[in-house]
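Observations on chain architecture
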Amino acid sequence: MEKLKILITSNDYRFQKNGVSIFVEKLFKELRARGYDARVLALSDCNRSKKENYEYFIASCSAPYYYDSRMSFRYNDKLLDELKDWKK
């Protein structure tokens, strides 16, 4: 039987420490520990996309007027294509 696939998305993850990022990190680790095929899609801390194991970070930049926030306009990215293929 195929494992249940779960994609967690968050703009606050790993590079920021707040309630949302801590919850997402713990949820992701627990789902993986229980055998689910869980992945995380989040904003990168720089203007380059990168992948670390099952965590996908899409290129982003600082958001004007919002302290310590990031935004991204990437919609054509090889990591997003990889996630689309994983979903099938």
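What this report covers is the structure whose coordinates are included nearby. All values reported here derive from a predicted model rather than from experimental measurement.

**Here we look at the packing of aromatic side chains**
Enumeration over the complete set of coordinates arrives at one aromatic pair. The ring of Y54 is capped by R32, whose NZ or CZ atom sits 3.5 Å from the centre of that ring.

**Focus: the sheet that holds strand β3 (residues 50–52)**
Strand order across the open sheet formed by four strands is β1-β2-β4-β3, with mixed pairing between neighbours. Edge positions in the sheet fall to β1 (5–10) and β3, since each has one partner strand and no second. This sheet shows a mean twist of 20° between the axes of neighbouring strands, independent of strand direction. Summarising the sheet, β3 and strand β4 (residues 55–58) pair through three bridges and their orientation is antiparallel. Residue pairing across strands places E52 opposite E55, the latter belonging to β4. Most of the contacts of helix α1 (residues 19–33) go to β1, to which it runs at about 165°, and overall it touches β1, β2 (37–43) and β4. Packed on one face of the sheet, helix α2 (residues 78–87) meets β1, β2, β3 and β4 and runs near 140° to β4.

**Digging into α2**
Along α2, the residues classified as buried are L79, L80, L83 and W86. Buried residues of α2, seen end-on, are gathered within an arc of 115° and therefore sit on one face of the element. Packing partners of the buried residues in α2 comprise β1, β2, β3 and β4. Backbone nitrogen of L79 and a side-chain oxygen of the N-cap are separated by 2.8 Å at the start of α2; the cap is D77.

The rules behind each value
Residues numbered from 1 in each chain as written. Predicted model: local features only at pLDDT ≥ 70, side-chain atom pairs only at ≥ 80, totals over all residues. Heavy atoms only, no water. Phe/Tyr/Trp six-rings, centres within 6.5 Å; stacked < 30°, edge-to-face > 60°. Lys NZ or Arg CZ within 6 Å of the ring centre and 35° of its normal. Pairing = 2+ DSSP bridges. Helix = DSSP H or I, 4+ residues; strand = E, 2+ residues; numbered from the N terminus. Axes fitted to C-alpha atoms, helices over the stretch in contact; angles between N-to-C directions. Contact = heavy atoms within 4.5 Å. Buried < 20%, exposed > 50% of the residue type's maximum accessible area, 1.4 Å probe, protein only. Arc of directions from axis to C-beta. Polar contact = N/O pair within 3.5 Å; in protein donor to acceptor, adjacent residues only side chain to side chain.

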